[in-house]
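Each chain is listed here by its residues.
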Amino acid sequence: MTTSEAYNHFRETLEYIRHYFTGEVEIGIVLGTGLGRLAEAIEKEHQLAYNFIPHFPISTVESHFGRLIFGRLAGKRVVAMQGRFHYYEGYTMYQITYPIRIMKLLGVHTLLLSNAAGALNLTYKLGDLMIIKDHINLLPENPLRGINLDQFGPRFPEMSAAYTPELIAQARKVAQELEIPVQEGVYVAVPGPNLETRAEYRFLRIIGGDAVGMSTVPECIVANHMGMRVFAMSIITDIGDPDNLKPVSLEEIIRVANEAEPKLTQIFTELIRRL
Ligand code: HPA
């Protein structure tokens, strides 16, 4: 794809969205597996199904809704993705990160990401929340590969503070005040869709990961490319203990995510109030 093709896509998507929603948005939210219910806390002004938005990919995973929600949360103007796009679904990195580009063009300056993840750090428990303080990208492709979209950001974006330190500090404080325990750790992104073998969990721990999942990193990279502030949080839905590995199912992962979701919703809502 050429740069001008990409810019034409963006323009057509924006024209469609602006036809239905003309307001401002400042904060973007991406809701991960089992975490779609945060959307209920949003005072909705408009909702658009992904399959009607030009150039938006269509969500294929049953556990994800596929819509873009415009409204207010904690008094702030937000746009939320209820359902995201994963590499394992077969999408290109351009498709996976397309909605994040659109958020930027709609005025979003701060992006909040959530996901379900497996623990590599064996002090973590099921249902724990983990503030992502850094990541390791093991996905086989990079969303910035190819001709640089100069209007969005530089060819070689730097990633020394990929997850905005002020947002991490604020979230830590919010969690303390709400008396919700949170972990802080490094998220490793893998392609999936299979979960890890014992040897892989061991390897991911050795290279410095605290949690592993199949999302978030592409969105974080593109957001950093565009100069957005980024905050991300995982819910620990299974424990990748190489010496004591139990089979897990998607149903269990979703159940644990659903159970822990109210804690994440509280932290996100309160963090947004203070942004
Ligand atoms: N591995 C990879 N992705 C995941 C996991 C896991 O253990 N749990 C939830 N998403």
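Shown above is the structure to which this text applies.
Remember, it's a predicted structure, so these values are computed and weren't measured experimentally. (Residues numbered from 1 in each chain as written. Predicted model: local features only at pLDDT ≥ 70, side-chain atom pairs only at ≥ 80, totals over all residues. Heavy atoms only, no water.)

A.B. asks: Looking at this model, I keep getting lost on the packing of helix α2 (residues 93-105) against helix α5 (residues 217-225). Mind explaining?
C.D. replies: For the pair α2 and α5, the least separation of the axes is 9 Å and the interaxial angle reads 55°. Taken together, α2 and α5 sit at an angle that is classed as oblique. Like other packed secondary-structure pairs, α2 and α5 cross with a definite hand, here right-handed. Where α2 abuts α5, its residues M93, I96, T97, I100 and R101 lie against P218, E219, V222, A223 and H225. Taken together, the residues of the contact of α2 with α5 sort by class into six nonpolar, two polar and two charged. (Axes fitted to C-alpha atoms, helices over the stretch in contact; angles between N-to-C directions. Helix = DSSP H or I, 4+ residues; strand = E, 2+ residues; numbered from the N terminus. Parallel < 35°, antiparallel > 145°, perpendicular 65-115°, else oblique. Left-handed = near helix turned anticlockwise from the far one by under 90°. Contact = heavy atoms within 4.5 Å. Nonpolar A, V, L, I, M, F, W, Y, C, P; charged D, E, K, R; others polar.)

A.B. asks: Help me out: how do you make sense of the pattern of salt bridges in this one?
C.D. replies: Side chains that differ in sign of charge can pair as their charged atoms come close. Under the definition given, this model contains 12 salt bridges. When the shortest N-O distance is used, the salt bridge between R11 and E15 registers 3.5 Å. Within this pair, R11 and its partner E15 are both found in helix α1 (residues 3-20), separated by four residues, close to a single helical turn. Exposure remark for R11: the relative accessible area of 41% places this residue in the partly exposed category. Look at the salt bridges and you will find they share partners, linking K173, E177, E270, R273 and R274 into a network. (Salt bridge = Lys/Arg side-chain N within 4 Å of Asp/Glu carboxyl O. Buried < 20%, exposed > 50% of the residue type's maximum accessible area, 1.4 Å probe, protein only.)

A.B. asks: Explain the site of the ligand here, please?
C.D. replies: A116, A117, G118, L195, E196, Y201, V212, G213, M214, T237, D238 and I253 make up every residue found near the ligand. Between Y201 and the ligand, the recorded distance is 2.7 Å, taken from a side-chain N or O atom to an oxygen atom. Relative to its unbound accessible area of 260 Å², the ligand is 95% covered by the protein chains. Counting only elements with at least two residues in the shell around the ligand, the list comes to β5 (110-119), β8 (211-213) and β9 (229-239). Looking at which element gives the most residues to the shell around the ligand, the answer is β5, with three residues. In the shell around the ligand, the residues fall into seven nonpolar, three polar and two charged. (Near = heavy atom within 4 Å. Polar contact = N/O pair within 3.5 Å; in protein donor to acceptor, adjacent residues only side chain to side chain. Areas by Shrake-Rupley, 256 points an atom, 1.4 Å probe, with all protein chains shown as cover.)

A.B. asks: I would appreciate a short explanation of the nonpolar core in the present structure.
C.D. replies: Note on soluble globular proteins: their nonpolar side chains tend to be buried together. Ranked by internal contacts, the top residues of the largest apolar core, which has 81 residues, are I29, L68, F70, I100, M103, Y163 and F231. The biggest single contributor to this core is helix α6 (residues 250-273), with seven residues. With residues up to four places along the chain from it excluded, the contact list for L68 reads I17, H46, Q47, L48, Y50, I53, F56, V79, A80 and M81. L120, L204, V212 and M214 belong to the second-largest nonpolar core, a separate cluster that totals seven residues. (Core = buried A, V, L, I, M, F, W, Y, C linked by side-chain atoms within 4.5 Å.)

A.B. asks: Which parts of the structure should I look at to understand the environment of R67?
C.D. replies: As for its position among the elements, R67 is in strand β3 (residues 67-73). Taking relative accessible area as the criterion, R67 reaches 29% and is therefore assigned partly exposed. Between the alpha carbons of R67 and L48 there is a distance of 5.5 Å; along the sequence they are 19 residues apart. R67 has contacts with Q47, L48, A49, Y50, A80, M81 and Q82, leaving out every residue within four places of it along the chain. A distance of 3.3 Å separates polar atoms of two side chains, one belonging to R67 and the other to Q47.

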